[in-house]
Amino acid sequence: MDAGSSRVPIIRPMTGKDLQRIMEIDTRVLGQSRPEYWELKLELTGRKSPAASLVAELEGKVVGFIIGDASGWEYAVPRNIGWIDAIGVDPDYQRKGIAKMLLTEMVDNLKKLGVTRVYTFVNWRDWSLLRFFDGMGFRRGDMMNLELKV
Ligand SMILES: CC(C)(COP(=O)(O)OP(=O)(O)OC[C@H]1O[C@@H](n2cnc3c(N)ncnc32)[C@H](O)[C@@H]1OP(=O)(O)O)[C@@H](O)C(=O)NCCC(=O)NCCS
């Protein structure tokens, strides 16, 4: 993207006013809506560092989001661990480097909080997300995903 053009997204902290657009984007990328999830998520997000939840805004419109966290001792992992919980870019604005900008800013923010390693969970059939994280340098880690069907 041309840095001189107005079509360069601004990356800024998420606020409660972004909820509606984030839910719209999430519904478009997932094909289903989950309003209760997002209301709870944004309430929890409001209690965290503003550095850990970001949106990309292009010409006044939110076109992408990322939610991360720096771990306390959740799951008995040390404080230098960060998480990417959720990421989404409006399909009309994909493949323009927006998710890359969001992730780069998030990783910079997490590093400032002392994070030295970042984890995320991806469904192994979600090729576009896997390709994105692979392209960003993520590799299979040492944590194992265990599942019990009940
Ligand atoms: C994955 C996703 C975040 C990528 O967003 P994006 O803004 O299009 O990504 P970028 O343009 O920053 O892509 C950066 C690089 O990642 C890779 N990449 C991104 N999307 C890809 C795709 N669909 N297929 C293959 N590679 C892909 C490419 O290497 C790309 O670089 P390039 O365009 O120069 O080749 C977006 O497709 C998305 O929102 N998917 C749905 C995610 C989801 O299900 N979220 C639910 C809540 S967690």
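What you see is a predicted model, and the numbers here were worked out from it, not measured in a lab.

Participant: Mind showing me how you'd approach the overall build of the protein here?
Facilitator: When helices and strands are tallied, the protein shows four helices and five strands. The order of α-helices and β-strands along the protein, N terminus first, is β-α-α-β-β-β-α-β-α. Relative to a compact globule of 150 residues, whose C-alpha radius of gyration would be 15 Å, the protein shows 16 Å and is just as compact. Dimensions along the principal axes, computed over C-alpha positions, put the protein at roughly 45 × 35 × 30 Å. Counting only residues that meet the buried cut, the protein has 27% of its 150 residues in that class. For the protein, long-range pairs separated by at least 24 residues make up 62% of all intrachain contacts whose partners lie at least 6 apart in sequence.

Participant: Just checking my understanding: could you explain the site of the ligand for this structure?
Facilitator: Around the ligand, 19 residues are found, and the nearest of them are Q94, A99, K100, S128 and R131. Of all the secondary-structure elements, those providing two or more residues to the shell around the ligand are helix 1 (19-30), strand 4 (81-89), helix 3 (98-112) and helix 4 (127-135). The greatest single-element share of the shell around the ligand, amounting to five residues, is contributed by helix 4. Partitioned by chemical class, the residues of the shell around the ligand number nine nonpolar, five polar and five charged.

Participant: Would you mind going over helix 1 with me for this structure?
Facilitator: Owing to its 3.6 residues per turn, the α-helix brings residues three or four apart onto one side. Over its twelve residues, helix 1 runs 16 Å from end to end, which matches the ideal 16 Å to within 8%, given 1.5 Å per residue. Looking only at helix 1, the buried set comprises I22, I25 and D26. For helix 1, the angular spread of the buried residues around the axis is 100°, confining them to a single face. On its buried side, helix 1 packs onto helix 2 (35-46), strand 3 (61-70) and strand 4. The positive-phi residue at the C-terminal boundary of helix 1 is G31, with phi of around 80°.

Participant: Hey, could you run me through the sheet that holds strand 2 (residues 53-58) in this one?
Facilitator: Two orientations exist for strands paired in a sheet by backbone hydrogen bonds: parallel and antiparallel. Across the sheet, five strands lie side by side as 1-2-3-4-5; this open sheet has mixed pairing. The sheet is open, and its two borders are formed by strand 1 (10-13) and strand 5 (117-120), each paired with just one other strand. Across the sheet, the axes of successive neighbouring strands diverge by a mean angle of 30°, strand direction being ignored. Sheet topology places strand 4 next to strand 5; four bridges connect them, and they run parallel.

Participant: It is not clear to me how the packing of helix 1 against helix 2 should be interpreted in this structure. Could you clarify?
Facilitator: The axes of two packed helices give the description: the angle between them and the distance between them. Contact geometry for helix 1 and helix 2: axes closest at 10 Å, N-to-C directions at 135°. Comparing the axis directions of helix 1 and helix 2 gives the class oblique. In this structure, helix 1 meets helix 2 at a crossing whose hand is right-handed. Across from L19, I22, M23 and D26 in helix 1, the residues of helix 2 making contact are P35, W38 and L42. Among the residues forming the contact of helix 1 with helix 2, the class breakdown is six nonpolar, no polar and one charged.

Participant: Sorry, what's going on with the nonpolar core here?
Facilitator: A general trend in soluble globular proteins is that nonpolar side chains are found buried together. Of all hydrophobic cores here, the largest spans 27 residues; its most connected members are L54, F65, I66, I98, L102 and M106. Looking at this core, the elements with two or more residues in it are helix 1, strand 2, strand 3, strand 4 and helix 3. Per-element tally for this core: the top contributor is helix 3, with seven residues. In this view, L54 contacts I11, R12, P13, M14, F65, I66, L102, E105 and M106; residues no more than four positions away in its chain are not counted.

Reading the values: the criteria
- Residues numbered from 1 in each chain as written.
- Predicted model: local features only at pLDDT ≥ 70, side-chain atom pairs only at ≥ 80, totals over all residues.
- Helix = DSSP H or I, 4+ residues; strand = E, 2+ residues; numbered from the N terminus.
- Rg over C-alpha atoms; globule rule 2.2 N^0.38 Å.
- Buried ≥ 20, exposed ≤ 12 C-beta atoms within 10 Å, placed from the backbone.
- Contact = placed C-beta atoms within 7 Å.
- Near = placed C-beta within 6 Å.
- Nonpolar A, V, L, I, M, F, W, Y, C, P; charged D, E, K, R; others polar.
- Expected span 1.5 Å × (residues − 1).
- Arc of directions from axis to C-beta.
- Pairing = 2+ DSSP bridges.
- Axes fitted to C-alpha atoms, helices over the stretch in contact; angles between N-to-C directions.
- Parallel < 35°, antiparallel > 145°, perpendicular 65-115°, else oblique.
- Left-handed = near helix turned anticlockwise from the far one by under 90°.
- Core = buried A, V, L, I, M, F, W, Y, C linked by C-beta atoms within 7 Å.

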